[in-house]
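Here is what each chain is made of, one letter per residue.
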Amino acid sequence: MTPTVPLREESMLKPASTAASRVRHWLSGLPTSGRVGLALVVLWLVLGAAGPLLAPYDVGAFVSPEVFDSMSAQHWLGSDYLGRDVLSRLLSGAQYTVGLALASALLASATGAGLALTATVCPRWVDEVISRFMDTLISIPSKVFALVLVAAFGSSLTLLLLIAAATYTPGAFRIARALAINLNQMDYVQVAYARGEGRLYIAAAEIMPNMIHPVLADFGLRFVFIVLLLSGLSFLGLGVQPPNADLGSLVRENISGLGDGALAILAPAMAIATLTIGVNLLIDALPGRGRRITGGR
Amino acid sequence: MGAAQDHVQVSGLRITAPAAGGQETPIVNDVDFTIPKGQVLALIGESGSGKTSIALALMGYARGGCRLAGGGVRVGDTEILTLDASQLRTVRGNRIAYVAQSAASAFNPSRTIMDQVVEAAVGRGLISRPAAEAKAMGLFRALALPEPEAIGGRYVHQLSGGQLQRLMAAMALMTDPELVILDEPTTALDVTTQIDVLRAFKRVVRQQGATALYVSHDLAVVAQVADRIVVLQRGRVREAGDASQVLEKPADIYTRTLMAAARPSTQARPHRPAPQQAPPLLEVRGLTAGYGRVEAGVPKIPVLRDVTLSITKGTTLGVIGESGSGKSTLARVIAGLVAPASGQVLFQGQPLAPTLSGRTREQFQRIQLVFQNADTALNPAHTVSRILGRPLAFYHGMDGRARNRRVAELLDLTQLPAGLADRHCGELSGGQKQRVNLARALAADPHLILCDEVTSALDTVVGAAILDLLAELRRELDLSYLFISHDISTVRAICDDIAVLYAGQKVEMGPRNGFGDAPVHPYTDLLIGSVPEMRRGWLEEKEMAATPPPLATAQSANLCRFLPRCAARVEGLCDRLPPPRIVLGGGNELLCHHDGQALQHLQRGRQSAVSP
Ligand SMILES: Nc1ncnc2c1ncn2[C@@H]1O[C@H](COP(=O)(O)OP(=O)(O)OP(=O)(O)O)[C@@H](O)[C@H]1O
Ligand code: SF4
Ligand SMILES: [Mg+2]
């Protein structure tokens, strides 16, 4: 005897969603804090990309007779300790900070995730080797590591990028590996193995799409860490070298204005703060598990 | 029945859930029922029919986002839905108790059981701690828990699922509630455990004179405990009445469908004799496997021990056993996901390499694996057409048009609408997912499909439809199945041969007809005897399974694994020598010290319990 009741599988077709409507839907699901974060992030990305074009003055030009001047019509953010235009220098600094941090974070996250996938789908010993290497890397204090390298090779943008990336790759690796190893145990991945699929396919098509959200959230966090690391290095005089300056260098060079509460030091400090806070707000508002598993370096 | 004597009255209950666009969809609609004092009412229906929502509404609670939109719930002389939050809390703690499906998650692993059982009653100042402990022990005893005086000192990880379920009932009953709500309390348990738990629940609820609401999807279980039955479908009452009326003379067509699906009938299908000359399609020889490092032929965590079985082309081998007996591990070894520690797997006469890397694409293609839980078996990032398209491209090199055409054919074959192809599996129902899961295996064009509990996560009606589909596909495509299940009636319905696993040992194997009557292996006997029948009074008739006294000595590795639980064991023999493999007249091969006659004698009276 077979049951004769219609199956409980009524169709639930929904209208095809366009990319635009998906974005709108995603935005509407974002809490206010997330939208504020998103706005800040977009603002800094735009400023970082277009900064030099927007700058009213040349970065190195001495344009004001006054040092630590306050706001004025010619100099919206006043002048710095040498009488240069703070706004112009801020815009150019944003380019270095955002660009360098973005590139390093991308490098760190991509390397971390790539190695994590490799460790997951390859034989056990590969995982052992990679994990031990990462453990070694993570046990070196990052500032000291940076100091030594900069002292040895002299500061350059490439070196800074590599230092920042190397510092944050192990953390990215650990988190991505934890994710990938869990996903590797999922039935659909096991089915793919049992189908005879190659490692590359399994890593790229079965595992990766399901870890992309948390990895993106982690990427945001690494970006923040790197901004702070680079600013810290610049503050110590080891970062981006004069006459160029990133946001951290701007804080350092204008440190003597701190007593007067000069805009020249407040503005770059605020810039670092809003950039990092913005990214954090955005990450925290991202849907799903992404939030939980991030943390630590 | 006069309203005055009804202890619980639900009238016109409406519950709504939020839907897209800020609207609300009703999940429970105009539900009315009453429970007379001291009786047990069962709510029965498939998942999504609103059973749990109604049960929670009796405590004035609505799950996240849902809303108690209308109607009334009266318990005693309290209108539950008019109470404020603090009044509700008092009512929930003192007068209404709730026992959930999974007890393990209801206990805190870092505190003793006793602490947690007495906490609520003592915390509310209803009773002093020593008095509460004494009372708890009384309940433990009434619930037939082992060592009632000492069990309270244990922690969660030291207890089995069935014991935790009973302890949770004890916790719920501490405050002498007038209404007990049991939400699928035995669904997660093995049948052999379920029967003890059911018996304990029933007795204690009677003793306390409590009114009870029992939520379940299993009519046979409900038949044992309920005085009244309410059948739900999609939030509406289909039928309500006395248990005996609903079970014996169901008035509603839907109730009849549920009953038909609950016990799949054994289709009269001739057992195809194996053509003797051809080697079996799949042969497993002396397989020992497990997890962890292998030392001296034994893995660190041994699971399967010396398992031998074979599947002839075109037939279905059922594998049953309780949770943890190694059924899934067997499928994994055959699929190459777990390497055997010793023993061999042969496919079409050829030995299969122990690991994936040694197998050919042809071998991969011919053996396909279908997992129990379709939620985790389908990649959430892929669309249905991609999921089905991959094996087509991978094994058959199909692309573009040909592939799309084949995907459409596969959807058709598994009775799915073609429009499904572009959806992600998160947008499918449970039954649809399981069909896609099956279609993916079919896409490879396999000879053998390893089905690991493919219907266990599904409702009875949907599950029965999947079983029908499997039978039909087998006829059309000349497939063989290894069909893993913990449910003997499902296995008996669709399999030609059956193997019984106990703790990784194959204790019995034979043609399905050999499982209808005694003699069978003592464990098989226990399994079959524990499946509730769909009639009232079965539980009472079933005399308490004679629980053997605990063993004096620790069990050594090569003795019968079933020894500690075996009621038929022979002292001085079973606890000294490993059991021999014997073959009974019906063709069943089993692992036991008793011979067929002795078993027949022991099992007399069970007969026909599950015979078609
Ligand atoms: N990866 C693993 N590592 C270690 N032990 C495992 C692993 N997978 C399973 N086990 C153990 O092996 C034993 C058998 O597991 P298996 O999944 O084969 O049981 P099963 O019969 O399929 O049970 P169920 O009915 O619950 O699915 C269990 O005790 C389990 O805890
Ligand atoms: S060998 Fe002994 S203990 Fe094992 S099933 Fe047979 S009678 Fe029971
Ligand atoms: Mg299993």
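Residues numbered from 1 in each chain as written. Chains lettered and ligands numbered in written order. Predicted model: local features only at pLDDT ≥ 70, side-chain atom pairs only at ≥ 80, totals over all residues. Heavy atoms only, no water.

Caption draft 1: Spatial organisation of the overall build of chain A. The number of helices and strands found in chain A is 11 helices and zero strands. The N-to-C order of helical and strand elements in chain A reads α-α-α-α-α-α-α-α-α-α-α. In terms of overall dimensions, chain A has a C-alpha envelope of 95 × 50 × 30 Å along the principal axes. Counting over 297 residues, chain A shows a buried share of 47%. Accessible surface, chain A: about 14,500 Å² in total, of which carbon and sulfur atoms supply 68%. A gap of 9 Å separates the mean positions of the 20 positive and 18 negative side-chain charges of chain A. (Helix = DSSP H or I, 4+ residues; strand = E, 2+ residues; numbered from the N terminus. Buried < 20%, exposed > 50% of the residue type's maximum accessible area, 1.4 Å probe, protein only. Areas by Shrake-Rupley, 256 points an atom, 1.4 Å probe, with all protein chains shown as cover. Lys, Arg positive; Asp, Glu negative; His and termini not counted. Charge placed at Lys NZ, Arg CZ, Asp CG, Glu CD.)

Caption draft 2: View of the environment of Leu577 of chain B. Residue and element names in this part refer to chain B. As for its placement among the helices and strands, Leu577 is situated in the loop between α19 (538-541) and β21 (581-583). In this structure the C-alpha to C-alpha distance between Leu577 and Tyr395, which are 182 residues apart in sequence, comes to 50 Å. With sequence-adjacent residues up to four places away left out, Leu577 is seen in contact with Leu559 and His593. (Contact = heavy atoms within 4.5 Å.)

Caption draft 3: Fine view of the nonpolar core. Membership of the largest hydrophobic core comes to 65 residues, with the highest contact counts inside it found for Ile207 and Met211 of chain A together with Leu450 of chain B. At seven residues, the largest contribution of residues to this core is made by helix α8 (residues 199-235) of chain A. Each residue touching Met211 of chain A, except ones within four places of it in the same chain, is listed here: Ala113, Leu117, Ala176, Leu179, Ala180 and Leu183 of chain A. The next biggest cluster of nonpolar side chains, apart from the first, holds 62 residues, and it includes Val117, Phe140, Leu159 and Ile229 of chain B. (Core = buried A, V, L, I, M, F, W, Y, C linked by side-chain atoms within 4.5 Å.)

Caption draft 4: Representation of helix α4 (residues 129-142) of chain B. All names here are of chain B. Between its terminal C-alpha atoms α4 stretches 20 Å, which fits the 20 Å expected from 14 residues at 1.5 Å a residue. Residues of α4 that are buried include every one of Ala132, Ala136, Leu139, Phe140 and Ala142, and no others. In a view along the axis of α4, the buried residues occupy a sector of 160°, so they form one face of it. On its buried side, α4 packs onto α3 (113-123), α5 (161-173) and α6 (191-208). One or two residues past the end of α4 sits Ala144, with phi positive at roughly 60°. (Expected span 1.5 Å × (residues − 1). Arc of directions from axis to C-beta.)

Caption draft 5: Summary view of the site of ligand 1. All names here are of chain B. Within the structure, ligand 1 sits among Tyr291, Ile301, Val303, Glu322, Ser323, Gly324, Ser325, Gly326, Lys327, Ser328, Thr329 and Glu453. Thr329 places a polar side-chain atom, nitrogen or oxygen, 2.5 Å from an oxygen atom of ligand 1. Surface burial for ligand 1 is 59%, taken as the share of its 640 Å² of free accessible area covered by protein chains. For the shell around ligand 1, the secondary-structure elements that each account for two or more residues are β12 (298-311) and α10 (327-335). (Near = heavy atom within 4 Å. Polar contact = N/O pair within 3.5 Å; in protein donor to acceptor, adjacent residues only side chain to side chain.)

Caption draft 6: Spotlight on the site of ligand 2. Neighbouring ligand 2 are 13 residues; Cys560, Cys566, Cys574, Cys592 and His594 of chain B lie closest to it. Of the residues belonging to the shell around ligand 2, the class tally is nine nonpolar, three polar and one charged. (Nonpolar A, V, L, I, M, F, W, Y, C, P; charged D, E, K, R; others polar.)

Caption draft 7: Geometry of the pairing of β12 of chain B. All names here are of chain B. Sheet analysis places strand β11 (residues 282-295) next to β12, joined by nine bridges and oriented antiparallel. The residue bridging Ala289 from the neighbouring strand is Leu304, located in β12. Once β11 ends, the chain turns through two residues before running back antiparallel as β12, passing Ala296 with a positive phi of about 55°. (Pairing = 2+ DSSP bridges.)

Caption draft 8: View of the sheet that holds strand β7 (residues 179-183) of chain B. Residues and elements named next belong to chain B. Read across the open sheet, the six strands follow the order β6-β7-β8-β3-β9-β10; overall the sheet is mixed. The outermost strands of the open sheet, each flanked by one partner alone, are β6 (96-99) and β10 (236-242). Across this sheet, the average inter-strand angle for adjacent strands is 15°, counted without regard to direction. Sheet analysis places strand β3 (residues 40-44) next to strand β8 (residues 211-216), joined by five bridges and oriented parallel. From the neighbouring strand, Leu41 faces β8, where its bridge partner is Leu213. Relative to the sheet, α5 contacts β6 and β7, its axis offset from that of β6 by approximately 170°. Relative to the sheet, helix α9 (residues 253-262) contacts β3, β9 (228-233) and β10, its axis offset from that of β9 by approximately 95°. (Axes fitted to C-alpha atoms, helices over the stretch in contact; angles between N-to-C directions.)

Caption draft 9: Expanded view of the packing of helix α2 (residues 32-54) of chain A against helix α3 (residues 86-121) of chain A. Residues and elements named next belong to chain A. The interhelical angle for the contact between α2 and α3, taken along N-to-C directions, is 135°, at an axis separation of 7 Å. The pairing of α2 with α3 is recorded here as oblique in orientation. For α2 against α3, the interelement crossing comes out left-handed. In contact with Trp44, Leu45, Leu47, Gly48, Gly51, Pro52 and Leu54 of α2, α3 contributes Leu91, Ala94, Gln95, Val98 and Leu102. Taken together, the residues of the contact of α2 with α3 break down into nine nonpolar, three polar and no charged. (Parallel < 35°, antiparallel > 145°, perpendicular 65-115°, else oblique. Left-handed = near helix turned anticlockwise from the far one by under 90°.)

Caption draft 10: Focus on the environment of Pro280 of chain B. All names here are of chain B. Mapped onto the fold, Pro280 is located in the loop between α9 and β11. C-alpha separation for the pair Pro280 and Ala567, spaced 287 residues apart in sequence, amounts to 36 Å. With sequence-adjacent residues up to four places away left out, Pro280 is seen in contact with Ser310, Ile311, Gln348 and Gly349.

Caption draft 11: Local environment of the environment of Ala166 of chain A. All names here are of chain A. On the secondary structure map, Ala166 appears in helix α6 (residues 157-184). Ala166 sits 40 residues away from Val126 along the chain, and the two C-alpha atoms are 20 Å apart. Not counting the four nearest positions on each side in its chain, Ala166 is found in contact with Leu137 and Phe145.

Caption draft 12: Spatial organisation of the sheet that holds strand β4 (residues 67-75) of chain B. Residue and element names in this part refer to chain B. Sheet architecture is open: four strands sit in the order β2-β1-β4-β5, paired in antiparallel fashion. The sheet is open, and its two edges are formed by β2 (24-36) and β5 (78-79), each paired on a single side. With nine bridges connecting them, strand β1 (residues 6-18) and β2 associate as antiparallel partners. Paired with Ala17 across the strands is Thr25, a residue of β2.

Caption draft 13: Geometry of a nonpolar patch on the surface. All names here are of chain A. A cluster of nonpolar side chains, Val144, Leu147, Val148, Phe235, Leu236, Ile255 and Leu258, forms an exposed patch at the surface whose accessible area comes to about 620 Å². With three residues, the top contributor of residues to the nonpolar patch is helix α5 (residues 142-153). Position of Leu236 among the secondary structure elements: in the loop between α8 and α9 (247-253). (Patch = residues over 30% accessible without salt bridge, like charges linked within 9 Å, V, L, I, M, F, W, Y side chains within 5 Å. Salt bridge = Lys/Arg side-chain N within 4 Å of Asp/Glu carboxyl O.)

Caption draft 14: The arrangement of the domain arrangement of chain B in detail. All names here are of chain B. Its domain assignment divides chain B into domain 1 (8-260), domain 2 (282-383 + 430-512) and domain 3 (522-603). Counting residues at the interface gives 18 residues for domain 1, matched by 19 residues for domain 3. When domain 1 packs against domain 3, the two sides together hide about 1,500 Å² of surface, and 65% of this comes from carbon and sulfur. It is Thr192, Arg199 and Gln224 that lose the most area in domain 1 upon contact with domain 3, and together they represent 38% of the buried surface on that side. Run the count over domain 1 and domain 3 and you get one salt bridge. Put simply, Arg536 and Asp227 hold a salt bridge, and the shortest N to O gap is 3.9 Å. Linking domain 1 with domain 3 are six residue pairs in polar contact (both at pLDDT 80 or more), by the criterion used here. Breaking the side of domain 1 that touches domain 3 down by element, the ones donating at least two residues are α6, α7 (219-225) and α8 (243-248). With seven residues, α6 is the single largest residue contributor to the side of domain 1 that touches domain 3. Looking at the side of domain 1 that touches domain 3, its residues break down into 11 nonpolar, four polar and three charged. (Domains from an automatic or database assignment. Buried area = accessible area lost by both parts, 1.4 Å probe.)

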